[in-house]
Each structure stands twice: as structure tokens, then as C-alpha cells.
Amino acid sequence: MSLPGHLLPSLVLLVAGFPGWAWVPNHCRSPSEAECNFVCDCSDCSDETQCGHHGASPALGTPFTCDFEHDPCGWRDISTSGYSWLRDRAGAALEGPGPRSDHTLGTDLGWYLAVGTHQGKEASTAVLRSPVLREAAPTCELRLWYHSSSGDAAELRLQLTHGAETLTLWRSSGPWGPGWQELAVTTGRIQGDFRVTFSATRNATHRGAVALDDLEFWGCGLPTPQASCPLGHHHCQNKACIESHELCDGEDNCGDLSDEDPLTCGHHMATDFETGLGPWNHSEGWARNHSAGSPEHPAWPQRDHSRNSAKGAFLVSLAEPGNPAVLFSPKFQASGPDNCSLVFYRFLHGSEASCLQLFLQTLQPGVPPATVLLRRHCGELGAAWIRDRVDIQSAHPFQILLTGQTGPGGVMALDDLILTDGCKPVPEPAAPQVLPPAPQAPAPETPPSSLRPQNFCDPGHLSCGDLCVPPEQLCDFQQQCAGAEDEQDCGTTDFESPTAGGWEDASVGPLQWQLSAQEAAVGRFLSLQRAWGQLRPEARALSPALGPSGPGCELHLAYYFQSQPRGFLALVVEAGSSRELVWQAPGSTAGGWKVDKTLLGARRRPFRLELMGLVDLDGPGQQGAGVDNVTLRNCSPMATTERDREVSCNFERDTCSWYPGHLTDAHWHRVQTHGPGYDHTTGQGHFMLLDPTDPPARGCGAHLLSRPQVPAAPVECLSFWYQLHGPQIGTLRLAMRREGEEDTLLWSRSGTHGNRWQEAWATLHHQPSSRTRYQLLFEGLRDGYHGSMALDDVAVRPGPCWAPRRCSFEDSACGFSTGGQGLWKRQTNASGHAAWGPQTDHTTETARGHYMMVDLSPNALPRGQVASLTSEEYRPLAQPTCLTFWYHLSLRSPGTLRVHVEEGGRHPVLSIRARGGAAWRLGSVDVQARWAWRVVFEAVAAGVEASYVALDDLFLQDGPCPPPGFCDFESGLCGWSHLAWPGLGRYSWDWSGGATPSRYPHPAADHTLGTEAGHFAFFETGVLGPGGQAAWLRSEPLPATQASCLRFWYHMGFPEHFYKGELRVLLASAQGQLAVWGQGGHRRHQWLEAQVEVASAEEFQVVFEATLSGQPALGPIALDDIEYLAGQRCQQPAPSQGHMAIPVAVPATVGGALLLLMLLMLLGLGGRRWLRKRGGCPFWSDREAATPSFDNVLFNADCVTLPESVTSDPQ
């Protein structure tokens, strides 16, 4: 298993693939057999283009890759049903069951190959096939990332077809975890042409949503011909060069089989198990087998090594744990000048408890046999045949013993045992001799043999005194045994013990981690040494399974690292299918030892620590790497300090009791004020920050948790300040967690809430006299990729909170009480079976959203009766405030909705009595209260069947309530909605001020005040990217009008001559959308006025749309001082100094729009013909004209001249 590229961005040569390249013509005429053979025969590598990867001429140690960002790289769908593969991206189908982001970029703008959900109950298989590929080397490995949550597919399968045989490289029926999963398979040596196919099968119970991304072919090219070879290398017959140890190793490394020539290798004693065991003998536990017709075992080898075929034979261990299988060689003479060497291929897959050991047993007359351990391989090494070699020198006759024990669910196998000609069998016929008792091979996750459990403990349990410690309590950082035997060999070690603290080498390539002693020092340490593996170049060492750990868990280590020009030393935490880089050596230590530490934090069991290293031992200088004195400190989850009780925190000193979770690779970080990021406490201090893309992440979100707390009171109030800022930011949630219970959602917000700190609070309810501990959890979801989330100044106090200033009813009823009758109910229409109420809520505008609703039918509430909904107490108000809410009335007149303010007494402030409709409508009341107060909503029934009243999205904002359609943006967005629409890419208009630091460019001053202290709405079009769509800012529903004037000021900050952004005004109604005004982005950095005269025969909304008219361009579009003058026609304003007045009068009636559209088409055609006769187009004026249309395309293109009645020159 490799370290994903996004975890080690600096290690480009090993773990980061090249970006996808666009297809280029093949100008190099290479032979057809040289195309798609993983070798760049042409200087531009054009012979390797569209070969299932892009021919990027990879440097040494880098793969051929395809990230699907530009094209499918030659992969084709060959499905025979509607269930098929296509190139897609998350931004095109955000509501589907597929991934929310690609793997390459980690955002919704990246591309991948996917199969969507397929309707129907019949079983269907979607098949994706590569182009014809040629000549895979024995070291060839295919890595890819796939996305298929459990329940999405019945089976996934990766196959390779060459000749008449199809090899199954991998298949799985799940379960699969959430998010992107890595798959790595080896192909083995493939001669001639072959294809790779990836198939997904669905049935009636599986939706079938599967995605693929970032395919990489590693080490697949055969060596190329060379005029001469380096010293110590072998020159093949085809002039390729290979290392000398690759001669006669059972693999076609040259590509022409000359390295396995019988003339050279005929003196070796090779056993491929095709016809038997050859000279080897075995006790119980080993058996010859094949892949074809093999048992249905998920870890079973899909092919042998000798023939790379499912029909080939190999030797497999059937031994139970504690009773190893033993395979022993013939007796050999004492070693001569030439060592006796054994080359063999091992397969350990499916269990961490499997273990293969190789022993040398010397035989002397009259002396009991002496057994020495020469090689040990334990754990999960993947579904691959891995080469190994042992060189033996013995002054006495000897035998080689191979012992294997298989862990639960695992498979261990051997193939191609090759004894060199230095292994001389004993010549005289030996009488049958009883094999001495085989040595016992300890499993990797058990304690040393001196601590073996006694008979009264179950297998796998540790016996200490009278205790039997189960496996899940070993290495859990909590001592069970009096002598701490259960916490020995758990990663902490000075490497002086032979058990090495439980660390096991898991390398499969030319490097390995082994115990070593430095000549000038006393003691041993773990160092990188040469190995015989043929696969991945990096060396890996794994700790035992650990955890759970506490938030303060740290790892301390000493290390040295010397590698030039490339290489690395790193520590990774492996938990299931997720891998997280937690430490990396910053650079070479110039030959000396250094000490460092890293925070591991709170993690669930089981997790493993993995040491990874790569150096060039043949490079210049003293290259190498070593690790010593590894110590895990403060890792007990039960350890507590005074700081652990500090929920209240301003993050200036540290994070108090708060710590980041590690379920995904996205994390909260404590940061200091810098640039656009500033804290709330002082404006110069620290705060907690989550950026969805920096550093790059692929997980669904990040957690920030408090240490477990004991309630200080039955009711507590948690307050905090938060920021949700950016054109496409995701969701921030607060939940309370108790052991053994589901998390209780307390609060959530989605999308941007402006470039400022917002205060929020939530009431914590505990059971009376309960001492049950609880945790608080902030969760930031990566369902948006442009912006940032921040937290600061968290505080908890006894007693309930004030009523929240904002309530969407998504998480709870916000403390509203329904009186004795309980007629108001919080509901959603997600099932589609709600008896009464709107089909969608107002917050999310989906059926999944929540709102409060009261049924006013006569059988529920008689005519004239009242149903009350009363808020909790609001805090006293220091200034006049506007309370806004959205209400929905049934089509049949439901009665009256009355609003009261309670401050001492009850005061009516609003009464609504009207017929309903399909839309939510905005209500607002001005509130002034010097003392604590409540708001009461009363629904008075009219005695009409199927009638109801619904409420949603209450918001308390500073300042008096503005008229409908008006906003100066000084206190917020007023009644304008910036909901992120999935169909438009989930982008939102934002709110900011000129003086507020921001990562996105915006005007330096607003229009209202003309200073940096003012505020405005803005949108940065540069985030849209290729394929990006638009952001909408919508008014409340406005009544039908024959003529009304929309007046506003806008600002476009695009560079000169880079005309990409566009601002448009749309009228949206039940009949559709009508574009009535538009402006391109080639404007100076100043505020400009615009007026649009509108008319509509039915209720409508005004929509400001920010979009692109071409390729992405960095530049903001801003709005300020919007006025909607109902029933008034626009008047020609006098231009004011420093601004430009741009009135545009456009009737918006349907008939007039159609007539004008036809006229413009005729004028455009005639104008184009006239301009062609005149020899070109005149330069377009500084202002782009606009005219209405029903297809959202404005006639403002070059070379189209509009009549004077439609356009107006501002100059």
C-alpha cells in the first residue's frame, strides 16, 4: 500500500503523478509494436499518448498517469446496457450519489470516470476498457482510486486479458468505506498485447454509482537497449541492462528471456510446483494448489508466479495459528567458496497475523541440530508475489526450513524456489531421518515467547497472573497487567530487544528496515538496508495495532537522514483504508542524529504507525536513514490535566481542551492572524481555521472536539464566534456526544455568512443530577471548496442561552414553545407524504429542509381558535432592530397570522390575512426592546379545509426594516437571498466591507458611505473555473407590476482588456426567467449606476446573476444601494461627479420581448451583411447594450448594433 500523493506533496519523484497532458499528434513514426509499451521511444513521448495514460515522459521513479482532467486517455466504455461509463465531474451532478469531489484536485471542478445510477431491476455491468497495451515488465503495478460507497455496487472487478486468458487482478463485493479508496495491483510479466478492464455490476438492490480517478502505471516499461552497461550489470541479448542479481531469478527482466537462458541457469535447482514439490519435502500444512477452481477466498492468489496464470501451481499454507506448516530442503554440504543462495517468491495477504520464517538448521554428527533464524516476514504485504533471496554460508552440512502460519482470513503461499549451483546436495544416499521439532514462529502482534498465554486463556489472549487480556486491550495505552506486559512491544522501544518494540518490516522492494549497530556507538537502531524485493522502492515498517489514544498523544524519536539529491523519511498513521502523513524529516541531518516529536492526537482503535523511507544507497556520500529511541507519550485516553476542563477558550495560549479529530485527512488548525485571516478576540491573536483545500484534502470534513466534560449544571449555554466566508464554502455544525448514544445536533450553518465574525450560541440540556460525561464537536464539512471556516472565543456558562438571532429550524425548533395544544410542528417533506404544508422549505428550497407548520383545518383547530408559537427570551436590544421571517400560506385562505412582541405585556406588531400561493413570502417587523423580550406568532383559524400556515428562517438584524427590494448592505443582505443553487455550481454572493481583510479581491470602498467603512455584496468570478456556472442574488417575491424601476450601483474590478466577467439582471417567475439587463466586465474600478424598468403580469423575483462570458478571469463584481421603486418609471438621472449614470429602459412583457427578439435577429443579420461590405466592425462602445430574451442570451456581442431606442450612450 503506497502513500497517496496528496500526503507527501514534496516527494514528487515517488508519490505524486504528473498532471494529465492533452493529446498531441504522433509526429514520431515508431513501429506499432513500440506504441503503448510504457517506454518513450519518441523524444516527445507521443508514442505513449492515449494509452490509458498520457505520455508525459516520466522521469526515473515516476509513473505514467491519467487524471481525466482533459480526456479519458483512451479508455472506452464497452457496456451493452444503459449502465455505462462516462467522463464526469462532481460540479455537474452535485445531487447524485457519486463523489462530491474528484481525487486529483479534491474539489467539484475536477474530472473522473463514473457510472451513474441506472433505473431498472435487471442486473447490469458497466465495462471500461483500456487501449491495447504492450509488454508489461515483471515489476508493473497499476494504482488507481475508486469511489463506491457500500450499497452502490454489487461487485467491482479489475481484469487483464492477454491472448486467450483473462486474469482477475482484483475483485470485491465490499463493504467499501466512504470517500476515495486506493487500489494497487501487480500485473506480472505480460508478453505481447493486453488490455485492462474495470467493471462495476449492479442489481436491483444496488444503485450502481461508481467512479475512478488518477490511474497510474508504475514500473511497467522494460529496460531499453544500451550500448554498454554500468559496472556490475548484465548485458542482455537485446542490449538491455539489468542488475546481476536479476539473473536466473525466475523473472523475464530483460524482456527477451535471455536472463533466464537454460544455458546460464540450467545448473540451478528450480522448483515451480507445476508437477510436484521437486527436492523439497513437507510436513502437514502445505499443499499444492491453483488459482483456477480455487476456493472462494478473498485473499487467495489469483495467479501463480511462474506462469503468471490462473492455471499455474503454487504451494499454499493451510496451517492454523500456533501450528506452523514446515517445508524443508534436501541436506546440503557445507558451503564452499560460492555461497548457497535461495531465491523464492512469497505471498502474504489477508491477515496481519500471518508469518513466514526461514531457518538454517546445521547438522553435525553426535550434536543436536542447531537452528538459526535467517529471515522473517509477517503481516499484510498485499496481493502480490514478492521476491526474496537468502545467501547461506555454513561450515557444516545444513537444511533450509520454511515455516508458515496463517492468521485469520489470511493466505500464505510460495512459488519458484530456486537454489543456486552453490547449493551442493549431500552425495551419499541418506537414510530416512526424523525431522527435528520445527521452531515455533511467533505471530507479529503477540508478545514475546516468554509471555505466551497459558492454557486457560483463549488463543490470542495474553496471560499475566490471573488475568487473560483480550487482543483488543493489548497496546491500548492502559495498563492491565501488574508488570505492564500488555503494553510491551507497543511501538515504544530503543531497539535493543530482538522484538524491536513490535515493529515489523513490511517492505516489498529493494530497501528494508532492519536492526543495525553503528560501528562507533554502543547499541542498535532501525536502519535502511538493501533488500531483494522487486516492487515498490520505499521501505516500510509497521507498529502493532494501537489505540485508542488520547488527545495529548505524542511520538518522540531520534533519527538521522542523509540522501541527495532525492529521498525522504516520514511517519504515516494508517487506519483502515485511510493514511495520514504526520511527520517528515525536514532535510538531511549531515550525518548526525537529531531528535524530534510529532502530535498523534486522539485516534480510534486500531491504528498503526508506519515508518517510510527512501534513499539511494548507491548515491554519492554516506547516504542512509535510521531511527532510534521511539517513545509514545501521554497516549492514554484516560489521562487528564487541568487544561482538559477548559471548554471556554480564546485560543491565544493553546487549544485548551479542544483537539482535532483524525477520521479524515482534513483538519482544524490553530493559526495566528495573518493577511485576510484575523481573529475575533483582539484582531491580532489566534483562532481555529479550516480551509477545505489548503492543505489539500480528500476527506468529507474535519472534527474539532472537546475533552469529555462533566456537566456543571443541568442547563448550560455554549457561545462562540464563527466565520463562514467564501463564494462556495460548506457547512459548519455543532453536536453533543455522549458515550453509547447518537450525536445530538445542536446548531448548523451552510454557505457564506459574510466576511465578518458572527456570534452564535446553543443550549446544552443534561439529565438532572447526571454525571454522564459529554463531548462537544464542531464539524466542518467539505461540501464547498472556496472559502474558509473559523472559530474563536468559545465560552460555556450555567443557565440557558438567549433565543438565537437566526433560526432555520434545520437542527431544532430553536426553543420555540407551542403552548398546551402543541399544534405547531417542526416538519419536513422529505418523504413526500406530509399531509399539509409547503413542498419545500425556504432555507434549502428542498423537500429535505425543515420548517414550522400548523394545520388550521376545522378538525384540527375550529374556526376562530388560536394556535400560538412563542420564542425563548431574546436579549435586550441596544438599538432598533428588524425581525424578518418567511411565511407560507395555503392556497385556501387559512385565516390570520398575527405577530406580537412580549416585553412586560403583549403588543401586536403585524397581522397578515391573505390568500396563499406557491412561494414563501418575507415578513418583517421593527422591534425596540430595552428589556428581555419574546416574539409570539398566532395563527387564527378560518375554518377552511386543507389550510395551514408555515414559518421559516427567522433573523434578527440591526437597523430598521428596509422597504421591499431595498438594501444598502450596511447590516447584511436585507431581504435578498444568496442561496447556493446546486444547478449553478453551489456558488454564492458574499458580503463584506472595504476595510475588512479578505482573501478575495473586492472594492476598497462602498457606494453608500463612499468609504472603506461601508459594506456591499460581491462575487469573485475567478473561482468559477472552467465549466463554472453562476451565482444568484434574489429578491423577495414582488407583486405584479406594469412599470417599476430597479435602480442599483455596481462595480467591476476586471483588468483592462480582459473582458470575462458578466453581471446580468433576470426576472424570475412561474413562467421562467427573462434577462432584462447585462453588462460585461471591461470597466474601470469605480461604482456605476444602472436603472432597469421592469414589468411583469405576475408575481416575480429580481435576480442578479454573476457569471463568466468566457474563460476564467480574476476580478470581483459588486453591488450596492439597490432600490426597487414599485409603480414608478425610471427617470433619467443627472450624472454625478466620479460616477456614470447608465439608465436602461427595457419592457419585460412577454409579447414585447418576443417581438423585440425577432426585430433584433433581423437587424443583426442585416447589420452583419452591411458591416462585411464596409470591411469590418466598429469598435464597441464602453458600455455593452442589453435586450431581453427568454433564453438568457443577451444581444451584446461584437458586430451587432442595437437601435437607439434600446441603447443609451452614457458619455
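Notes on the structure follow. Quick caveat: nothing in here was measured; it's all calculated off a predicted structure.

Thresholds applied
Residues numbered from 1 in each chain as written. Predicted model: local features only at pLDDT ≥ 70, side-chain atom pairs only at ≥ 80, totals over all residues. Heavy atoms only, no water. Helix = DSSP H or I, 4+ residues; strand = E, 2+ residues; numbered from the N terminus. Buried < 20%, exposed > 50% of the residue type's maximum accessible area, 1.4 Å probe, protein only. Contact = heavy atoms within 4.5 Å. Areas by Shrake-Rupley, 256 points an atom, 1.4 Å probe, with all protein chains shown as cover. Disulfide = S-S within 2.5 Å. Pairing = 2+ DSSP bridges. Axes fitted to C-alpha atoms, helices over the stretch in contact; angles between N-to-C directions. Polar contact = N/O pair within 3.5 Å; in protein donor to acceptor, adjacent residues only side chain to side chain.

Helix and strand content of the chain: 3 helices and 68 strands. Burial statistics for the chain: of 1211 residues in total, 54% are counted as buried. When contacts within the chain are restricted to residue pairs at least 6 apart in sequence, those whose partners lie at least 24 apart make up 76%. A total of about 51500 Å² of accessible surface is found on the chain, and carbon and sulfur atoms cover 53% of it.

Attention now moves to the state of the cysteines. A full pass over the atoms with the stated rule returns 19 disulfides. One disulfide in the model links Cys553 with Cys635; its S-S distance is 2.0 Å. Linking Cys553 and Cys635, the disulfide has an S-S dihedral of approximately 65° and is accordingly described as right-handed. Linking Cys553 in the loop between strand 31 (539-542) and strand 32 (554-562) with Cys635 in the loop between strand 37 (624-633) and strand 38 (658-660), this pair joins segments that are 82 residues apart in sequence. Comparing Cys553 with Cys635 shows no difference in burial state: the two are buried.

The sheet built from 5 strands is open, its strands ordered 28-31-36-33-34 with antiparallel pairing. Both edges of this open sheet fall to strand 28 (504-505) and strand 34 (578-584), since each of them pairs with a single strand only. Looking at chain direction, strand 28 and strand 31 are connected through 2 bridges and run antiparallel. Its bridge partner being in strand 31, Asp505 is matched across the sheet by Ala541.

This part takes up the pairing of strand 33 (residues 568-575). The element strand 33 is extensively covered by neighbouring structure, given that 7 of its 8 residues are classed as buried. Note that strand 33 and strand 36 (residues 608-614) share 7 bridges and pair antiparallel. Its bridge partner lying in strand 36, Glu574 is registered against Arg608. The sheet contact formed by strand 33 and strand 34 spans 6 bridges and is antiparallel. The residue of strand 34 that forms the bridge with Val572 is Leu581. With antiparallel pairing between neighbouring strands as the criterion, strand 33 and strand 34 make up a hairpin whose turn holds 2 residues, including Gly576 at a positive phi of roughly 65°.

With that settled, consider the environment of Leu1033. Considering the arrangement of structural elements, one finds Leu1033 in strand 61 (residues 1030-1034). In the structure, Leu1033 is positioned 14 residues away from Phe1019 in sequence and 9.9 Å away in space, judged by C-alpha atoms.

With antiparallel pairing, 5 strands are arranged side by side in an open sheet as 38-41-46-43-44. Edge strands, defined here as strands with exactly one partner in the open sheet, are strand 38 and strand 44 (744-750). For this sheet, the mean angle separating the axes of adjacent strands, direction not counted, is 20°. Across 6 bridges, strand 43 (residues 731-737) lies against strand 44 in antiparallel orientation. Counterpart to Met736 in the pairing with strand 44 is Thr744.

Omega for the peptide link from Gly547 to Pro548 comes to 5°, which places this bond in the cis form. Inspection of the secondary structure assignment puts Pro548 in the loop between strand 31 and strand 32. Located in the positive-phi region is Leu257, a residue other than glycine, with phi close to 70°. Its identity as a non-glycine residue notwithstanding, Phe969 has a phi of 65°, on the positive side.

Take Glu141: it is sitting in strand 7 (residues 141-147). Beyond its immediate stretch of four places on either side in the chain, Glu141 contacts Ala184, Val185, Thr186, Glu216, Phe217, Trp218, Cys220 and Arg536. At 3.0 Å, the side chain of Glu141 forms a polar contact with the side chain of Arg536.

Attention now moves to the pairing of strand 62 (residues 1041-1052). With respect to burial, strand 62 is a largely interior element, 10 of its 12 residues being buried. Sheet topology note: the strand 62/strand 65 (residues 1087-1096) ladder contains 9 bridges and is antiparallel. Bridging from a neighbouring strand, Cys1045 pairs with Glu1093 of strand 65. Sheet analysis places strand 62 next to strand 67 (residues 1116-1125), joined by 7 bridges and oriented antiparallel.

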